[in-house]
Amino acid sequence: MTERRVVITGVGAVSPLGEDAASTFEGLCLGQSGVRTIDRFDASGFSTRFAGQIENIPLLPGAWSETASRYEAADQMDRKTRLLLSAASEAWTQAGGDDRGARSLGRPERIGICLGSEVGRKLLEEVAQRSVRFAGIPTLQPVVPHLPIGEMARMRPSHPGHVLTSILGTRGPNRTVSTACTSSAGAIAEALYLVRRGTLDIAVCGGTDALVEAFMLSGFSLLGALSSRNEDPQGASRPFDRERDGFVLSEGAGVLMLEAEEHALARGAPILGYLLGAGLSNNAYRITDSPPDGTGPMISMNAALDDAGLKPEAVDYVNAHGTSTQMNDLSETRGLRRTFGAHAERLRVSSTKSMTGHLVAACGAVEAIASLLSLRSGRVHGTLNLKHPDPECDLNYLPDGCEDVAGGIGVAVSNSFGFGGCNASIVLGAP
Amino acid sequence: MSSILGVGLASPLGLGNDLSIQSWIDGTTGLRRNCRWPTEGFPREDAGLVEGFVPRKQLPDRKAVKLMSRESQLAVFAAVEASQRAQLENSDCSTSPNRMGAFAAAGYEVSSLSDSESMLAAARDPNEPSRILLSRLFTEGRDAYNPLSPLKILPNMPLFHAALALKVQGPHLSLGSSPAAGLVALGEASESIAAGDCDLALVLGSDAQVEEFRAQLLVEAGVLPILAPSEGAAALLLGGDAHSPRVLAWDTAQEPIEGLSEDRVAGYGRCLDGGETRRALYSRVLGESGDVDLCFSDLWGSEERDQAERFALSNQPRIKGTLTSNRSRMGWLGAAQGLTDAAIASELLRLGRSRRALVTASGLAGDIAAVVLEMPT
């Protein structure tokens, strides 16, 4: 089977830095932080009281809005699905799609969806209601009448993808990848394989997550994974800094339109860049930690470069997973050194999360988009808050902010690593 | 062409491959009285339970058991059995861990919500018990909460625990909770081997629906009372072997499904095209493979969904055998469903009871998949 080249014809993002991909990237280049004190609920009793928050979710275009309203009316539109629709509509429109849905871009059975998404988080209020009203009752049976009808829909990781297919009318594979923080990078990899081997002409891929909610904030806080720098929220996410103390919970969505090159050329679609390869690995180590020697990340980066047919020296820029936790940043640095050898000294490496916080299931997609926009513009954003370099994290993380690279950059790698030992690396190329 | 080197099963039909397959051959049902919670007034009093499973005694790492949800425990059991059946040295792939992949379909565990409820109950306002005080979550509530609980609900945990048990470090994929996802995982594992990304692949399907909250969700989805809630896991170890059952063809698609209605959640409705998308999918898969003499269909008793399945399977000249379905004997296995059917089909091929088998599965929201397995001559 002849493998096809895969291009990117549209992107969309919603993040704490902006309501679309361009404004998100602009915020990154300006070194802005999307992290602030939580005001969506009373977080005063929490050990962490800040997060990356999206204030306004952009309005949806005509037909999208109509369908979304029906789901909202039926209490089946959760926040992560709504974020996804905003990012997807932006990407869909940029790729040339319109209100006719899948038929506006090709044959519906040749267009599919691959999204990274996690289990819907229950709202604290819902759990609290049950806890209080039914405490001491040995069975949940009496609870049933009080469960909202959309409960099951909102819990399903696949819900965002199924709402999207109901809007677009796609008939190709519809997949949900649930691998924690690598979910959306894993979904992009899946989409790449589907388009490359000819199953699909177009794949709508990416991910979404909305974790800024009391129930999840309490869980991650008790796990000790979050920064508690409450006195300085915007300085809390500080990847590779020796004073880092955990990641910052955030929310958002990112969507990329992947397309077979010949299909895109035939319909005159804009070619924003190339998705050259992807690599996945598992640490088989611990639930929450990466191995200190960086083996898992190294395997995924090597696999991605092999898949792209590139040598390490071809890479100009790495968008790091860079969470601001002690172990991730150390493990990733060592993985980068083992993958790139002497070339690691010449790499530009930066962390999007230093400004957006951690979008969890959506981070891989938004960071892939940031990498793509760097390839297109020659501008590479920096790593915010890196003021006291960790001597064990000793690469060029662009602590001084955005860099305009003379002559531009040609190849970027975007990393995502997650709970459960999942690692995903994707390789993007300039148009 | 990927071959199935070993199969592990923890199903309502029995704990372990031998017991499950023998029960299937004997025509035994896997449904029995549900003893997990009081079922008086509940739509069904039976459930598909994996009996005789004692995780602390039967899993390789006793300490890890407490970190696992039920579906993770079942998944590890099946994964270890599959690797043993495949006669991998030391039951793992430690000689080249990055050349072995792991591909999973898993449900989502919600039992940890019970842990959270304890925390929330402890955080009640003493003066007004109907209120939860967030300020008490980190004082009174903290002691009632296991910080690792939230991690249990992550859908990739069965894959993680199985990968850890077998030391798998190669490509991985954990797909959402649909019954069809197991067949997609099987297909993608086969593709990954064919593409040279790995030499061996562990394929997992696991779910644990015999949990009160999840069972209530099945009521909402219209699965109950048609099928009983069930639990189980299947694992297939794929590699290259000319003498084992192999994955001959597979494909997947999305069919149009009914949208919203007042009493149904989104996408949990009838198929809108009468089964045309399924029919095209099955024709494609069968067209690539040849005649099949065994068909594990997706028929499960839902009139509106079965109509589409019957239409899609009717007048398929490649289907020579009888249409069967395992759903009525094993209940609603969720994400474990498709792969459990494939695992049983693979063992029937190995036993010479079939030459070529079609397995189909669909999710309630319209994702469909089909796989053809074949025993080489």
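Keep in mind it's a predicted model, so treat the numbers as computed, not measured.

**Student:** What's the story with helix H3 (residues 79–94) of chain A in this structure? I'm lost.
**Tutor:** For the α-helix, the turn length of 3.6 residues means that residues three or four positions removed from each other point alike. Residues and elements named next belong to chain A. Taking 1.5 Å of rise per residue, the 16 residues of H3 would be expected to cover 22 Å, and the 23 Å separating its terminal C-alpha atoms lies within 8% of that figure. Summarising burial for H3: 15 of the 16 residues are buried, a large majority. Gly96 sits one or two residues past H3 and shows a positive phi near 100 degrees.

**Student:** Can you help me understand the pairing of strand S13 (residues 411–418) of chain A in this one?
**Tutor:** Consecutive side chains along a regular strand alternate between the two faces of the sheet. Residues and elements named next belong to chain A. Where burial is concerned, most of S13 is hidden: eight out of the eight residues are buried. The alternating pattern of S13 places Val411, Val413, Asn415 and Phe417 and Ala412, Ser414, Ser416 and Gly418 on opposite faces, both of which are buried. Taken together, the three bridges between strand S9 (residues 317–320) and S13 define a ladder with parallel strand orientation. Within the sheet, the bridge partner assigned to Tyr317 lies in S13 and is Ala412. Across eight bridges, S13 lies against strand S14 (residues 422–429) in antiparallel orientation. Bridge assignment links Ser416 to a residue of S14, and that residue is Ala424. The hairpin turn running from S13 into S14, its antiparallel successor, is three residues long, and Gly420 in that turn takes a positive phi close to 90 degrees.

**Student:** So what exactly am I meant to see when it comes to the packing of H3 of chain A against helix H6 (residues 159–168) of chain A here?
**Tutor:** When two helices pack together, their arrangement is given by the angle between their axes and by how far apart the axes lie. All names here are of chain A. Across the interface, H3 lies against H6 with an axial gap of 9 Å and an inter-helix angle of 45 degrees. Viewed along their axes, H3 and H6 adopt a mutual orientation that is oblique. Considering how the two elements wind past one another, H3 and H6 form a crossing that is right-handed. Listed contacts from H6 to Lys80, Thr81, Leu84, Leu85 and Ala88 of H3 are His159, Pro160, Val163 and Leu164. Its residues assigned to classes, the contact of H3 with H6 comprises six nonpolar, two polar and one charged.

**Student:** I tried to follow helix H13 (residues 363–377) of chain A on my own but got confused; where do I start?
**Tutor:** All names here are of chain A. For H13, which comprises 15 residues, the first-to-last C-alpha distance of 21 Å matches the rise-based estimate of 21 Å (1.5 Å per residue) to within 8%. By the criterion of burial, H13 is predominantly enclosed, with 13 of the 15 residues buried. Residue Gly378 follows H13 closely and has a positive phi angle near 75 degrees.

**Student:** So what exactly am I meant to see when it comes to the environment of Gly341 of chain A here?
**Tutor:** Secondary-structure assignment places Gly341 of chain A in the loop between helix H11 (326–340) and strand S10 (348–351). Each C-alpha atom, one on Gly341 of chain A and one on Glu313 of chain A, is 9.2 Å from the other, the two residues being 28 residues apart in sequence.

**Student:** Honestly, the packing of helix H3 (residues 70–85) of chain B against helix H7 (residues 157–166) of chain B in this entry has me stumped. Any pointers?
**Tutor:** All names here are of chain B. It is the contact of H3 with H7, at a shortest axis distance of 8 Å, that shows an interaxial angle of 40 degrees. The two elements H3 and H7 cross, and the hand of that crossing is right-handed. For the pair H3 and H7, the contacting residues are Glu71, Ser72, Ala75, Val76, Ala79, Val80 and Ser83 in the first and Met157, Pro158, His161, Ala162, Ala165 and Leu166 in the second. Of the residues contributing to the contact of H3 with H7, the split by class is nine nonpolar, three polar and one charged.

What counts and how
Throughout this description, residue numbers start from 1 for each chain and increase along the sequence as written. For this description, chains carry letters from A and ligands carry numbers from 1, given in the order in which they are written. Given that this is a predicted model, residues contribute local features only at a pLDDT of at least 70 and side-chain atom pairs are listed and counted only at 80 or more, while totals for whole chains, interfaces and linings are drawn from all residues. Strands are runs of DSSP state E lasting at least two residues, helices are runs of H or I lasting at least four, and both sets are numbered from the N terminus onward. Expected helix span is computed as 1.5 Å times (number of residues minus one). For every residue, the other C-beta atoms within 10 Å of its own C-beta are counted; 20 or more classify it as buried, 12 or fewer as exposed, and values in between as partly exposed. C-beta atoms are placed from the backbone. The rule for pairing is simple: two strands pair if DSSP sees at least two bridges between them. An axis is simply a line fitted to the C-alpha atoms; with a helix, the fit covers only the stretch in contact. Between two such axes, the angle follows the N-to-C directions and lies from 0 to 180 degrees. Throughout, the term roughly parallel applies to angles under 35 degrees, roughly antiparallel to angles over 145, roughly perpendicular to angles from 65 to 115, and oblique to all others. Note on convention: the crossing is left-handed when the near helix lies turned anticlockwise from the far helix by less than a right angle, right-handed when the turn is clockwise. By definition, residues are in contact whenever their C-beta atoms, placed on the basis of the backbone, come within 7 Å of each other. Amino acids outside the nonpolar list (Ala, Val, Leu, Ile, Met, Phe, Trp, Tyr, Cys, Pro) and the charged list (Asp, Glu, Lys, Arg) are all regarded as polar, and Gly is one of them.

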